[in-house]
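# Descriptive analysis of the structure
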Amino acid sequence: MTLKVIQVGLGGWGQAWARDVVAKNKNVETTAWVEIDAPSLEAARKRLDLPAERCFTSLNEALDTVAADAVLVTASLPGHVPSARTALLANKHVLMEKPFAPTVAEALELVELAEERGLTLQISQNYRFAPAARAAAKAISEQKVGRLGNINIDFRRYDNTAPVAENRHYHIWEPLLVDMTIHHFDLMRLVIGQEPVQVICKTWNAAWSKYDEPAEGAMTITFDGGAVVNYRGSWVSTGPQTNWTGEWHMEGEKGELLWTGRGELPESVELRLLGEKKTEALELPTITNLDRAGSLAAFVTALETKTVPETSGRDNLKTLALMFAAIESAKTGLPVNVE
Ligand SMILES: NC(=O)c1ccc[n+]([C@@H]2O[C@H](COP(=O)([O-])OP(=O)(O)OC[C@H]3O[C@@H](n4cnc5c(N)ncnc54)[C@H](O)[C@@H]3O)[C@@H](O)[C@H]2O)c1
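Every value quoted in this text rests on a predicted model; they were computed, and no experiment measured them. (Residues numbered from 1 in each chain as written. Predicted model: local features only at pLDDT ≥ 70, side-chain atom pairs only at ≥ 80, totals over all residues.)

What follows deals with the UniProt feature "domain: GFO/IDH/MocA-like oxidoreductase" (unreviewed entry) in the protein. The UniProt entry lists residues 134-257 under the feature "domain: GFO/IDH/MocA-like oxidoreductase" (unreviewed entry), expressed in the numbering used here. Between the end C-alpha atoms of residues 134-257 the distance is 13 Å, and the span holds 21% helix and 34% strand. (UniProt positions renumbered as here; feature names shortened; annotations may be inferred. Helix = DSSP H or I, 4+ residues; strand = E, 2+ residues; numbered from the N terminus.)

Moving on, we come to the nonpolar core. Membership of the largest hydrophobic core comes to 96 residues, with the highest contact counts inside it found for I6, V71, V94, A136, M323 and A326. Broken down by element, the residue count for this core peaks at 10 residues, all from helix α7 (residues 175-192). Here this core spans two domains, and each of domain 1 (3-126 + 291-311) and domain 2 (130-286) adds at least three residues to it. Sequence-distant contacts of V71, defined by excluding residues within four places in its chain, comprise V5, I6, V8, S83, A87, K92 and V94. (Core = buried A, V, L, I, M, F, W, Y, C linked by C-beta atoms within 7 Å. Buried ≥ 20, exposed ≤ 12 C-beta atoms within 10 Å, placed from the backbone. Domains from an automatic or database assignment. Contact = placed C-beta atoms within 7 Å.)

The local shell around the ligand holds 25 residues, among which G9, G11, W13, A75 and G79 are the closest. At the level of secondary structure, the elements contributing two or more residues to the shell around the ligand comprise α1 (12-21) and α4 (80-89). It is α1 that contributes the most residues to the shell around the ligand, three residues altogether. (Near = placed C-beta within 6 Å.)

Reading across the sheet, the six strands line up as β3-β2-β1-β4-β5-β6 and stay open at both edges, with parallel pairing between neighbours. Single-partner strands in this sheet number two, and they are β3 (55-56) and β6 (121-124). Along the sheet, α1 makes contact with β1 (3-8), β2 (28-34) and β4 (70-73), crossing β1 at roughly 160 degrees. (Pairing = 2+ DSSP bridges. Axes fitted to C-alpha atoms, helices over the stretch in contact; angles between N-to-C directions.)

Once that is clear, we can look at the domain arrangement of the protein. Interface extent is often summarised as the accessible area lost during association of the parts. Taken domain by domain, the protein consists of domain 1 (3-126 + 291-311) and domain 2 (130-286). One C-alpha centre belongs to domain 1, the other to domain 2, and the line joining them spans 28 Å. Between domain 1 and domain 2, the contact holds four residues from the first and four residues from the second. A per-class count over the side of domain 1 that touches domain 2 returns one nonpolar, one polar and two charged. (Nonpolar A, V, L, I, M, F, W, Y, C, P; charged D, E, K, R; others polar.)

Take the environment of E109 next. Here E109 shows up in helix α5 (residues 104-117). As a C-alpha pair, E109 and R85 span 24 residues in sequence and 8.9 Å in three-dimensional space.

Time to look at the UniProt feature "domain: Gfo/Idh/MocA-like oxidoreductase N-terminal" (unreviewed entry) in the protein. Sites flagged by UniProt as "domain: Gfo/Idh/MocA-like oxidoreductase N-terminal" (unreviewed entry) map to residues 4-123. Spanning residues 4-123, this segment combines 43% helix with 22% strand, and its end C-alpha atoms are found 18 Å apart.

Spatial ordering of the open sheet is given by β14-β13-β12-β11-β7-β10-β9-β8-β15, a layout of nine strands whose pairing is mixed. With partners counted over all chains shown, the strands left at the sheet margins are β14 (280-281) and β15 (336-337), one partner each. Sheet analysis places strand β8 (residues 196-204) next to β15, joined by two bridges and oriented antiparallel. Pairing of V199 across the sheet is with V336, part of β15.

So, about the packing of α1 against helix α2 (residues 38-48). One way to put it is that α1 packs onto α2 with a least axis distance of 11 Å and a crossing angle of 25 degrees. Classed by the angle they form, the pair α1 and α2 counts as roughly parallel. Of the two elements, α1 crosses α2, and the hand of that crossing is right-handed. Contact with α1, carried on its side by Q15, A18 and R19, involves A44, R47 and L48 of α2 and no other residues of that element. (Parallel < 35°, antiparallel > 145°, perpendicular 65-115°, else oblique. Left-handed = near helix turned anticlockwise from the far one by under 90°.)

Here we come to the pairing of strand β5 (residues 93-97). Among the five residues that make up β5, five are buried, leaving the element largely enclosed by the rest of the structure. Pairing analysis gives four bridges linking β4 to β5, with the strands arranged parallel. Directly across from A70, in β5, lies its bridge partner H93. Regarding the hand of the β-α-β motif, the stretch spanning β4, α4 and β5 is right-handed. In this sheet, β6 lies alongside β5 in parallel orientation, the contact comprising four bridges. (Right-handed = clockwise from strand over helix to strand, strands pointing away.)

Pairing of β8 with strand β9 (residues 216-223), which is carried by eight bridges, proceeds in the antiparallel orientation. The partner of W204 across the bridge, within β9, is E216.

Running from amino to carboxyl end, α5 crosses helix α9 (residues 313-332) at an angle of 175 degrees, the nearest separation of the two axes being 10 Å. By the angle between their directions, the pair α5 and α9 is classed as roughly antiparallel. On the side of α5, the interface is formed by V104, A107, L108, L110, V111 and A114, while α9 contributes G313, R314, L317, L320, A321 and F324. A breakdown of the residues in the contact of α5 with α9 according to their chemical character gives 10 nonpolar, one polar and one charged.

Structure, rendered in structure tokens:
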């Protein structure tokens, strides 16, 4: 089957989706590209050499003009809910970039709309499609360290060198929690294999930060199986950079699992049993479709097999709920239950 897709949103990341991910998947054909901002559409059209007659500034216009089975939403967050709603109302399946929606209520509305219509709604949580994350999740589920206790996660990047006016990233809403930590929240659910119960979070902006909103934060999250995550994240860290997944130290009753992935540093998962000095490197699985290619392949498989994808909109509500609980805690200074 060839899945016909309309892609919505052609900023930097959307263009990379078109060129590096969708164009390389033989089971997917893009029938139209939509970008609400005309100059951005024209720039993307030239850069990607797209046919002008299949480029639109409105999703409705594209839906009226070309055939499509699904809509891929790679727009920025304000475009997520309107684009997904339009697509679902036109009976198209949806694959959408994180973060799902600007409120849990809107995310739930889309989940229910998709379910009522028997459509697939998947959020691309691309960090899941990575060898180390999968190997760590497997090791934890196989009880290699036994029952989990304290888990330390550190994420450090120095994204502070671009000119302030030109870099959209400095001006987005909650750049740490909504743009970045959402990946780590989702990975916590995958790797720990437990669901979050409560979070207490503090965010701030370093004196040298070019971001409008807090670019750094720390939090403690308790999980329903007894795990407790202590997380520190920064977009403006002057310390050594971590990989995109961050550095994970997962302590269990039998020892510690250390892992990292997706980035410049080697991807690894290591087990250190209690009392041992040496660590044992665990084997990493071969993953054919990595990262966003994995999200897209999972979407195609879900449609072909009529199964619910791992990162369905409904599943993603739990990741989103943790994100909003962290935001609320950072605002109020109080612990917030994840509901
Ligand atoms: N998963 C990842 O690792 C990862 C990495 C980077 C970005 N992203 C996500 O990808 C998305 C896009 O990121 P970006 O860096 O390209 O952002 P960007 O702001 O550079 O570009 C977004 C584009 O979407 C367009 N847009 C907004 N609303 C629209 C609508 N209703 N219809 C059509 N187009 C619309 C904007 O005009 C803009 O050109 C965001 O959701 C972001 O969180 C994910």
